[in-house]
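Coordinate analysis (summary)
The primary structure of each chain is shown beneath.
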Amino acid sequence: MTFYITTPIYYVNDVPHLGHAYTTICADAFARFHRMRGEATRMLTGTDEHGQKVEEAAQKAGVSPRQHVDEVAPRFAHTWRRLGIAADDFIRTTEARHGKVVGALWRRIVDHGDLYLASYQGWYCVGCEGFYTESTLTKDGDTWLCPTHKRPVAWVDKERTWFFRMSKYQQPLLDYIEAHPEFIQPEAYRNEVLAFIKTGLRDLSVSRTSFSWGIPIPDPDPEGHQHVMYVWMDALTNYISALADPDAADPFASSLMTLFWPHAVHLIGKDILRFHAVYWPCFLLSAGLPLPKTVLSHGWWTVRGEKISKSMPATRIDPIQLARALGTPGGAGDDGRVDGGAATSSADSPSLPGSGVDAMRYYLLREVPLGNDGDFTFESMFARYNADLANDLGNLVNRATTLLEGQPARVRPELCGEPRTAQLSRVAAEAVADTEQAFTAFAPHRALEAIWRLVREGNRYVDACEPWKLKKAGKADELAHVLGTLHAALTLIAALIYPVLPHSSATIRAALGADDAQGVPAWPSAAFSQAEVAAHKSAPLFPRLDAAAQEAIVAALVPPAARAAAPGDAAEAAAQAAQAVPAAQAPPAPAAPARVTAPSQPLPPIEFADFGKVELRVGQVKAAVAVPKAKKLLQLSVDLGEPAPRTIVAGIAEAFAPEALVGKKVIVVANLAPATIRGIRSEGMILAAGEDSILGLSGVDADVPPGTRVR
Ligand code: MSP
């Protein structure tokens, strides 16, 4: 078998955050799983360096686009290196190898007769670098907003561009998707793409003349104008330019291309599904090249419901800081390096605690099924850490290796039928099979669930066999068997966790006396090894995070500006920062669990009839502005399904930037008597959670029309 996994190439108008890290870590885990199975495996990541968005970012920074990309692109490579990502190649779209292959692809599409010159007129979102029709935009007053970025889209007025005949590929693409259920995964995204294609594919503008930061189209157009390529056509081609031979007569006949391309899995976020599952296959069909095997979409990581992104500064979590904060000095006893691919793992990278990197990887991959959205909270992260990593895995490793140190240990076949051993080996066999199935099906959370069933069974085995009593009673054979069985189970666990927890896997394998603990372990067979083994006590793995440690982690991650507000008590300041919201443009940082305000006194019971007097309705925020000279107040325009939107003044300015609210569905007390606040007549109230400070707004978990009654 062969496996080729790609991440999206990241825009260099931004620096890496936890959302980017999630994609890259998932891809890395899948690549590690396939390497373990001895498959020819390749992982690609890189940076997307052309286009209007990057040109504008450079202008803003007062440097040339070239200077800008050369400065930012290494930050991605550096982050992945420090996080131990084992990519085999890192491609930058400004590299010559890429430009040549993009030119070759363009020529194939020209030769196929799929390009024509026409005028483009329509809406464009620079954030997505994407074209939109009005039916797919949202509206705020007279302004059309991008549904992803919630920012105004730009009108492109009659620009002469090359058009790609995408409409021609509507039916072939539909047929392909229908015939290849593995092409778009998970299934919900496949259905979304099918529905989108069925609304009709329009020809696509694939060049621009209004700016110049892009790959030049090989020749000027017949009217003499020089175009640059549409940035998505340029960027998507990275997946093959990293395999092709740029200088060959046929770049696409290279040996890497032949070996890997048919097995390509493009891991992406749901915001870029259309580009990967519609545009890209149409380009490839036109160029006469095979389609990738799978486009695999994951959801978004949010902080209190807001997508982690550049435009929401307080949602940003630096993965390096998070890994560093989670790693306990002296904890895993490693230097944060494990083997890896050539492109992003390197001995010169400053070390991060491997246990911190692993804890972050575990949380991200265990907490949310791939494909779903996930909300980052400190509570859920600490809960996962303490329950699964400290109590279950850390405890088992600690107990088992302490017992094993210096003791003879060997599985004795004649004792394997004994019920406790039989039970453990049955659970172990199931764990190997289930983990393999789950990783193959791109479900890392299920793989981890399966492994943890074995981890917990291992702890039960120690409890039930009480090896310390066997030792005391001088039952040497039985003791050696129990210890041998534990060693065998832990060896399996150390191998199974490797894709997600590579550093901890190496630490455990070293303690168990493995020959090449730093190498890639082979995928384990389900049977327990019966060899005589020697092990030593492992350094503590994942020590429990008590309240003080948790507060220190929160303090390390919330913005320093907010921490400075209360210099005397960093933890308190951290907790306050997480609740109090530093800047007007930013929504709250992830909530600090340790010092959430004490709940207020419960109120006496009310009759149902009393509750029935409150008219709650779903409202959609259409516009939001700050109320002058009132630092807590926002003036909202809320659609309640009535002929005109209502004006509502809400005390939420410290928790939400006005633009973050536009489009949000909220719950409104619709029959609250109007009140005049700061001279503005407020016609309702929005429900929000929080005691002294607002921690979040109420909402609905389905797409319910404004005005719907809530009861
Ligand atoms: N440059 C394009 C991709 C071109 S691929 C041919 C791009 N870049 S991006 O930097 O904006 O995003 C890269 C990836 O990061 C996307 O898959 C996106 O979904 C992912 N994420 C960015 N923010 C994210 C979250 N908050 N959560 C999860 N993934 C997120 O799009």
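Remember, predicted model here, so these are calculated numbers, not experimental data.

This paragraph deals with the overall build of the chain. Along the chain, the regular secondary structure elements total 23 helices and 27 strands. Burial statistics for the chain: of 711 residues in total, 55% are counted as buried. Within the chain, residue pairs in contact and separated by at least 24 positions form 75% of the contacts whose partners lie at least 6 positions apart. In the structure as shown, the chain presents an accessible area of about 28700 Å², 54% of it carried by carbon and sulfur atoms.

Let us look at the site of the ligand. Ile9, Asp48, Gly269, Asp271 and Trp301 are the nearest of the 25 residues found near the ligand. Within the contact set of the ligand, a nitrogen atom lies 2.8 Å away from a backbone nitrogen or oxygen of Ile9. Contact distances for the ligand include 3.4 Å between a nitrogen atom and a backbone N or O atom of Gly19. For the ligand, the accessible surface in isolation is 660 Å², of which the surrounding protein chains cover 96%. Looking at the shell around the ligand, the elements with two or more residues in it are strand S1 (2-11), helix H1 (18-36), helix H7 (231-236), helix H8 (238-241) and strand S13 (264-269). The dominant element in the shell around the ligand, judged by the number of residues it contributes, is S1, at 4 residues.

Let us look at the sheet that holds strand S8 (residues 154-164). Within the open sheet, the 4 strands sit side by side as S5-S4-S8-S10. Their pairing is antiparallel. Of all strands in the sheet, those with a lone pairing partner are strand S5 (130-132) and strand S10 (204-205), marking the two edges. As defined by bridge partners, strand S4 (residues 115-125) adjoins S8 across 9 bridges and the pair is classed as antiparallel. Bridged to Leu115 within S8 is Phe164.

Of the residues in the chain, 90% reach a pLDDT of 70 or more, and the chain-wide mean stands at 88. Note on residues 346-350: pLDDT is under 50 here. Beyond four places in sequence and across chains, it has 8 contacts. Segment residues 562-588: pLDDT under 50, and 58 contacts once partners within four positions in sequence are set aside and those in other chains are kept.

What follows deals with the packing of aromatic side chains. Summed over all chains, the structure comprises 27 aromatic pairs. Between Tyr363 and Phe376 the ring centres are 5.7 Å apart and the planes differ by 90°, which places this aromatic pair in the edge-to-face class. On the criterion of sequence distance, the pair formed by Tyr363 in helix H12 (residues 354-367) and Phe376 in the loop between strand S17 (374-375) and helix H13 (378-404) is long-range, its members being 13 residues apart. An aromatic cluster is built from Tyr22, Trp301, Tyr363, Phe376, Phe378 and Phe382, whose rings are joined through pairwise contacts. A cation over an aromatic ring shows up here: Arg274 above the ring of Tyr132, its NZ or CZ 5.1 Å from the ring centre. The cationic tip of Arg274 hangs over the ring face of Phe275; the distance from NZ or CZ to the ring centre is 5.1 Å.

Calculation rules
- Residues numbered from 1 in each chain as written.
- Predicted model: local features only at pLDDT ≥ 70, side-chain atom pairs only at ≥ 80, totals over all residues.
- Heavy atoms only, no water.
- Helix = DSSP H or I, 4+ residues; strand = E, 2+ residues; numbered from the N terminus.
- Buried < 20%, exposed > 50% of the residue type's maximum accessible area, 1.4 Å probe, protein only.
- Contact = heavy atoms within 4.5 Å.
- Areas by Shrake-Rupley, 256 points an atom, 1.4 Å probe, with all protein chains shown as cover.
- Near = heavy atom within 4 Å.
- Polar contact = N/O pair within 3.5 Å; in protein donor to acceptor, adjacent residues only side chain to side chain.
- Pairing = 2+ DSSP bridges.
- pLDDT = per-residue confidence, 0-100.
- Phe/Tyr/Trp six-rings, centres within 6.5 Å; stacked < 30°, edge-to-face > 60°.
- Lys NZ or Arg CZ within 6 Å of the ring centre and 35° of its normal.

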